[in-house]
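# Per-entry structural report
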Amino acid sequence: MAVVQSDVRLSECLIWDLQRKYYAKKGPEAWSTGTVPMWITNHPRLAGAFAQAAVSFVLDCLRGSGHPIRAGEPIHVVELGAGTGRFGFRFLRRIEALEHVLGPLGVRFRYVLTDISKSTVKGWRKHEQLAPFFASGQLDVACWSPLDDAPLTLEVSGERLVPGSLANPLIVIANYFVDTVATDLFRVGQGALDEGRVTLKSSAEGQGKPKPADFPHLSCEYEYVAVDAAYGDELLDDLLRWYADNLDETYHVPIPIGAIRALRRLEDLAAGRMLVRLADKGALDPSKFGGEEQGTPVVHGSLSFDANFDALRRLFEADGGVSYANHPRAHLSLVALVSKLRATDLPGLSAMWADLVLRDPCEHHGVLQEIQKGKDKIKPRLFTSLLRDSAFDPHIVSKFQSRVLPNVEKAGAGAREKMRLALETAWEQHFYIGEDEDIEFLFAALFFAIGDYDRSIQLYDVSRERHGEHHVTWHNIGVISLRRDRYDEAIALFDKSLALKPDYAAAKKNRALAVKLKGAP
Ligand SMILES: C[S@@+](CC[C@H](N)C(=O)[O-])C[C@H]1O[C@@H](n2cnc3c(N)ncnc32)[C@H](O)[C@@H]1O
């Protein structure tokens, strides 16, 4: 093992530069290839819950108990490390559905997708599903890191957000972001406070500076030194001292210093009036931070450290704010932080959050996993319920299409119509990010089985545009022509299928049938 760097704070370790390089270089490819996890943080249930939280917060403010709102001025929602943009798209669609309430109240949201990757930001600007939101002024973008000093300049409007420039409170959203940016590690408890100093080692072949591709070969080893005021910052140092004095065993507690600095910068933009909503793999309780493994990054293309949400909650509360969280054992930790207000100032948001704790938007995932284990065919009714329960997540189509398809044609008209409506809504939630999976084909085949042939042909066309020609696509469109008694058209379509795969038996058989029916008197 070669030593790459020694005796530094974890937040000063080279791995964070490598992390930035990884994302800057990969851009949208980090997700289209399925390398970096993203399903749960972009889930329609989560986007819906947070659109609702944002609206509840704003309504509280309008009622006069929260931060003042200037009607007519936009309320900026800044998403950090927004990646695919899928969460923002789904959030905006939910807000759009409430326009009839928000418009007359003079409430206008402006969602700002931000990321450090230039190619990611370029991808958003070209994305046809985002175009209507750009056109209406509801969406803007910035290639920006809240960890750097550069101002937040919105690319479309040209607006520069600087400290104090926002007329209204700011809403910040960060999914899988706290665990992505710099963190420190402390050994605390029983009165002791020791800072972890890292030695970064690499088992990668060859010499020279490590690259992001070396992530699986890098390891962090720690030595601990006693510290008193590690940050020279009252709130942070008090927090560390609290951990040292109140934990009755020794724990290895990460401090998400990158996220803390980022949130402070953002809070300044709105002069201390901010709602933050975070979702991450992390802990809401410091006793979860057991041994030194806390200082070992998890590698999944990029790398991540568990987020210490307990620290963020304590910091906000110590500074006069309020925090909300979901169940400590939930699959994904969800946290909302509001600066300089108490829960009683926010009755709407507090009530909404109590409901979220009972019906955690992410826990649907456990039910799905169980059903996914089965191999049996499923009925359209169950499929439709799964779509509804997921807030119409297209992922349900990916996972269950082959199990429901054989049952669709024989289902009753009522069940097929319900399924058609649910599929339409799921299709609206489908935000294309260049994945290899041809989900468009899966949707098209379901519309075909339901008997909505026009919709099926439209989606087969989208499948061809995004994923290229396929013999089964031409064959399936041919079958629609055959069923519509358009024999010449059907024969031409089967020919296209056979040109791509001359021995495709279904196309041969159906072509022969079309020829026969055409010749029939
Ligand atoms: C784990 S991904 C999460 C993406 C998305 N929020 C999601 O949940 O699917 C982390 C994102 O943060 C961005 N990122 C990484 N380091 C950053 C930094 N220092 N400043 C801003 N964005 C950063 C990456 O480009 C990437 O899009």
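Since the model is a prediction, treat every value here as computed from it, not as a measurement.

## Digging into unusual backbone geometry
- The backbone of Asp 7 sits at a positive phi, close to 55°, despite the residue not being glycine.
- The residue Asp 7 is located in strand β1 (residues 2-9) in this model.
- For Asp 7, a relative accessible area of 48% corresponds to the partly exposed category.
- The backbone of Gln 190 sits at a positive phi, close to 50°, despite the residue not being glycine.
- Mapped onto the fold, Gln 190 is located in the loop between β8 (184-189) and β9 (192-202).
- Judged by its relative accessible area of 58%, Gln 190 falls in the exposed class.

## Details of the side chain of His 127
- Take His 127: it is sitting in the loop between α6 (118-126) and α7 (131-135).
- In this structure His 127 comes out as buried when scored by relative accessible area, which is 14%.
- Once you skip the residues sitting within four places of it in the chain, His 127 turns out to touch Phe 431 and Tyr 432.

## A look at the site of the ligand
- In the neighbourhood of the ligand, 20 residues make up the surrounding shell, with Thr 41, Gly 81, Asp 115, Ser 145 and Asn 175 lying closest.
- A distance of 2.8 Å separates a nitrogen atom of the ligand from a polar backbone atom of Gly 81.
- The contact in question runs from a nitrogen atom of the ligand to an N or O atom on the side chain of Ser 145, over 2.8 Å.
- In isolation the ligand has 580 Å² of accessible area, and contact with the protein removes 98% of it.
- Put simply, the ligand lies in the largest pocket.

## A short note on the layout of surface pockets
- In this model, the largest pocket occupies a volume close to 620 Å³.
- Lining the largest pocket we find 40 residues, and of these Tyr 23, Gly 81, Tyr 176, Phe 177 and Thr 180 sit closest to its centre.
- At the level of secondary structure, the elements contributing two or more residues to the lining of the largest pocket comprise α1 (15-26), β3 (108-115) and β15 (302-304).
- Top contributing element to the lining of the largest pocket by residue count: α1, with five residues.
- In terms of residue class, the lining of the largest pocket is made up of 18 nonpolar, 14 polar and eight charged.
- Two domains share the lining of the largest pocket, each providing at least three of its residues, namely domain 1 (2-17 + 182-252) and domain 2 (18-181 + 260-362).
- Taken as a whole, the second largest pocket holds about 520 Å³ of empty space.
- Here the residues of the lining of the second largest pocket sort into seven nonpolar, seven polar and seven charged.

## Looking at the packing of helix α18 (residues 471-483) against helix α19 (residues 487-500)
- At a minimum axis distance of 8 Å, the contact between α18 and α19 shows a crossing angle of 165°. On the basis of the axis angle, α18 is roughly antiparallel to α19. Seen from above, α18 lies across α19 with left-handed handedness. Residues His 471, Trp 474, His 475, Ile 477, Gly 478, Val 479, Ser 481 and Leu 482 of α18 form the contact with α19, whose participating residues are Tyr 487, Glu 489, Ala 490, Leu 493, Phe 494, Lys 496, Ser 497 and Leu 500.
- Looking at the contact of α18 with α19, its residues break down into nine nonpolar, five polar and two charged.

## Looking at helix α12 (residues 364-373)
- Among the residues of α12, His 364, His 365 and Leu 368 are the ones counted as buried. Buried residues of α12 fall within an arc of 95° about the axis and therefore sit on the same side.
- On the buried face of α12, the contacting elements are α3 (44-62), α13 (380-389) and α14 (395-408).

## A short note on the environment of Phe 133
- On the secondary structure map, Phe 133 appears in helix α7.
- Under the relative-accessibility criterion, Phe 133 is labelled buried at 4%.
- Beyond its immediate sequence surroundings of up to four residues, Phe 133 is in contact with Phe 89, Leu 92, Arg 93, Glu 96, Gln 138 and Leu 139.

## Let's talk about the domain arrangement of the chain
- Segmenting the chain into domains produces domain 1 (2-17 + 182-252), domain 2 (18-181 + 260-362) and domain 3 (365-519).
- The partner domain 3 presents 19 residues to the 21 residues of domain 2 that form the contact.
- Taken together, both faces of the contact between domain 2 and domain 3 bury some 1700 Å²; the carbon and sulfur share is 51%.
- For the domain 2 face of the interface with domain 3, the top three residues by lost area are Ser 32, Trp 39 and Arg 86, together amounting to 31%.
- Between domain 2 and domain 3 we count three salt bridges in total.
- Note that Arg 45 and Asp 389 form a salt bridge whose closest N and O atoms lie 3.6 Å from each other.
- Where the side of domain 2 that touches domain 3 is concerned, the elements lending two or more residues are α2 (29-32), α3 and α4 (86-97).
- A per-element tally of the side of domain 2 that touches domain 3 places α4 first, with five residues.

## Overview of the packing of aromatic side chains
- Tallying each qualifying case throughout the model produces 15 aromatic pairs.
- Ring centres 5.4 Å apart and planes at 40° place the aromatic pair Trp 16 and Phe 305 in the tilted group. With a gap of 289 residues between them, Trp 16 in helix α1 and Phe 305 in the loop between β15 and β16 (307-308) connect regions that are remote in the sequence. Neither residue differs from the other here; Trp 16 and Phe 305 are each classed as buried.
- An angle of 50° between the planes, with centres 6.3 Å apart, marks the rings of Tyr 22 and Phe 215 as tilted. Taken together, the positions of Tyr 22 in helix α1 and Phe 215 in the loop between β9 and β10 (218-226) put the pair 193 residues apart, joining distant regions of the chain. Both residues of the pair, Tyr 22 and Phe 215, belong to the buried class.
- For the cation-ring pair, Arg 277 lies above Phe 50, with the distance from its terminal atom to the ring centre recorded as 3.6 Å.
- One cation-aromatic arrangement involves Arg 455 over Phe 447; the distance from NZ or CZ to the ring centre is 5.8 Å.

Conventions and cut-offs
- Residues numbered from 1 in each chain as written.
- Predicted model: local features only at pLDDT ≥ 70, side-chain atom pairs only at ≥ 80, totals over all residues.
- Heavy atoms only, no water.
- Helix = DSSP H or I, 4+ residues; strand = E, 2+ residues; numbered from the N terminus.
- Buried < 20%, exposed > 50% of the residue type's maximum accessible area, 1.4 Å probe, protein only.
- Contact = heavy atoms within 4.5 Å.
- Near = heavy atom within 4 Å.
- Polar contact = N/O pair within 3.5 Å; in protein donor to acceptor, adjacent residues only side chain to side chain.
- Areas by Shrake-Rupley, 256 points an atom, 1.4 Å probe, with all protein chains shown as cover.
- 1 Å grid on protein atoms, 1.4 Å probe; cavity = no way out; pocket = protein on both sides within 12 Å on 5 of 7 lines; lining within 4 Å.
- Sits in = over half its atoms within 2 Å of the grid points.
- Points joined across faces, edges and corners; volume = space filled by probe spheres on them.
- Nonpolar A, V, L, I, M, F, W, Y, C, P; charged D, E, K, R; others polar.
- Domains from an automatic or database assignment.
- Axes fitted to C-alpha atoms, helices over the stretch in contact; angles between N-to-C directions.
- Parallel < 35°, antiparallel > 145°, perpendicular 65-115°, else oblique.
- Left-handed = near helix turned anticlockwise from the far one by under 90°.
- Arc of directions from axis to C-beta.
- Buried area = accessible area lost by both parts, 1.4 Å probe.
- Salt bridge = Lys/Arg side-chain N within 4 Å of Asp/Glu carboxyl O.
- Phe/Tyr/Trp six-rings, centres within 6.5 Å; stacked < 30°, edge-to-face > 60°.
- Lys NZ or Arg CZ within 6 Å of the ring centre and 35° of its normal.

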